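Here is how the chains run, residue by residue.
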Amino acid sequence: MVQLKTIQKMYDHLHWANQRILETLQSSENEEALRLFSHILFAEKVWFTRLQGFDSSHLPIWSDIDLEGCTELVKQNEETIITFLKDADLNKIIFYKNSKGTEFENSARDVLTHVALHGQYHRGQINSRLRASGMEPVNVDYITFVR
């Protein structure tokens, strides 16, 4: 139970951080930052699809979409993960194939942890791109979220 609460808190942070990045990108012309953000969102969708036991091979990991598309993906991903976490069995083993068709298996806990860390890694890259273009980076630190 404690572990599930920790995962839920991580995803509360993920949704908060995605929303902050999305708002910042609405006033930016930085295509690299937008591409990285869309990658975060597409990867979330792929992993959530796998967590639900569905085939993700038809879903892109990298694809160019505009801010409207990102806004819709943010909403869809948030709804999907909130629903998934209501009844999540963190020990459940997830079987899936990557985009090259190689088969893997991981616990739901490990997949959920990976997705949260993956997004934070790329949000750091987005902030680097924003700073390089003269914009102020977005504070998406977890400690800021919990304050």
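Here is a short report on the structure shown in this document. Values in this document were obtained by computation on a predicted structure and should not be read as measured data.

Let us look at the packing of helix α2 (residues 31–51) against helix α4 (residues 108–132). In the contact formed by α2 and α4, the axes pass within 9 Å of each other and the chain directions differ by 175 degrees. One way to sum up the angle between α2 and α4 is to call them roughly antiparallel.

For the rest of this paragraph, the subject is α4. With 25 residues, α4 ought to run about 36 Å at 1.5 Å a step, and its terminal C-alpha atoms sit 36 Å apart, in line with that. Residue G134 follows α4 closely and has a positive phi angle near 90 degrees.

Right, let's get into the packing of α2 against helix α3 (residues 67–86). The N-to-C vectors of α2 and α3 enclose an angle of 30 degrees; their axes lie 10 Å apart at closest approach. By the angle class used here, α2 and α3 are roughly parallel. As for how α2 packs across α3, the hand of that crossing is left-handed. Every residue of α3 that contacts α2 at L34, F37, S38, L41, F42, E44, K45, F48 and L51 is listed here: L67, C70, L73, V74, Q76, N77, T80, I81 and F84. Taken together, the residues of the contact of α2 with α3 break down into 12 nonpolar, four polar and two charged.

Turning our eyes to something else, we now look at the pattern of salt bridges. In the structure shown here, the tally under the stated rule is two salt bridges. In this structure, E32 and R129 form a salt bridge, with 2.9 Å as the shortest nitrogen-oxygen distance. One end of the pair, E32, is in helix α2; the other, R129, is in helix α4, with 97 residues separating them in the sequence. Residue R129 is classed as partly exposed on the basis of its relative accessible area of 28%. Across the pair R35 and D64 runs a salt bridge whose closest N-O atoms are separated by 2.8 Å. Residue R35 is found in helix α2, and its partner D64 is found in the loop between α2 and α3; the two are separated by 29 residues along the sequence.

The full count for this structure, using the stated rule, is one cavity of 30 Å³ or more. In this model, the largest cavity occupies a volume close to 30 Å³. Along its surface, the largest cavity is lined by V46, R50, S56, L59, I61 and S99. Among the residues making up the lining of the largest cavity, the classes are represented as three nonpolar, two polar and one charged.

What follows deals with the packing of aromatic side chains. Under the definition given, this model contains five aromatic pairs. Where Y96 meets F104, the ring centres are 5.9 Å apart and the plane angle is 25 degrees; that geometry is what we call stacked. On the basis of relative accessibility, which here comes to 38%, the residue F104 falls in the partly exposed class. Aromatic ring contacts, followed pair by pair, group W16, Y142 and F145 into a single cluster.

In this section: α2. Along an α-helix, a turn takes 3.6 residues, which lines up residues three or four apart on a common side. Spanning 21 residues, α2 covers 30 Å between terminal C-alpha atoms, matching the ideal 30 Å at 1.5 Å per step. Of all 21 residues making up α2, 17 are buried, and the element is well covered by its neighbours. Its side-chain oxygen at 3.1 Å from the backbone nitrogen of E32, N30 defines the N-terminal cap of α2. Of the residues trailing α2, G53 is marked for its positive phi of about 85 degrees.

Analysis parameters
Residues numbered from 1 in each chain as written. Predicted model: local features only at pLDDT ≥ 70, side-chain atom pairs only at ≥ 80, totals over all residues. Heavy atoms only, no water. Axes fitted to C-alpha atoms, helices over the stretch in contact; angles between N-to-C directions. Helix = DSSP H or I, 4+ residues; strand = E, 2+ residues; numbered from the N terminus. Parallel < 35°, antiparallel > 145°, perpendicular 65-115°, else oblique. Expected span 1.5 Å × (residues − 1). Left-handed = near helix turned anticlockwise from the far one by under 90°. Contact = heavy atoms within 4.5 Å. Nonpolar A, V, L, I, M, F, W, Y, C, P; charged D, E, K, R; others polar. Salt bridge = Lys/Arg side-chain N within 4 Å of Asp/Glu carboxyl O. Buried < 20%, exposed > 50% of the residue type's maximum accessible area, 1.4 Å probe, protein only. 1 Å grid on protein atoms, 1.4 Å probe; cavity = no way out; pocket = protein on both sides within 12 Å on 5 of 7 lines; lining within 4 Å. Points joined across faces, edges and corners; volume = space filled by probe spheres on them. Phe/Tyr/Trp six-rings, centres within 6.5 Å; stacked < 30°, edge-to-face > 60°. Polar contact = N/O pair within 3.5 Å; in protein donor to acceptor, adjacent residues only side chain to side chain.

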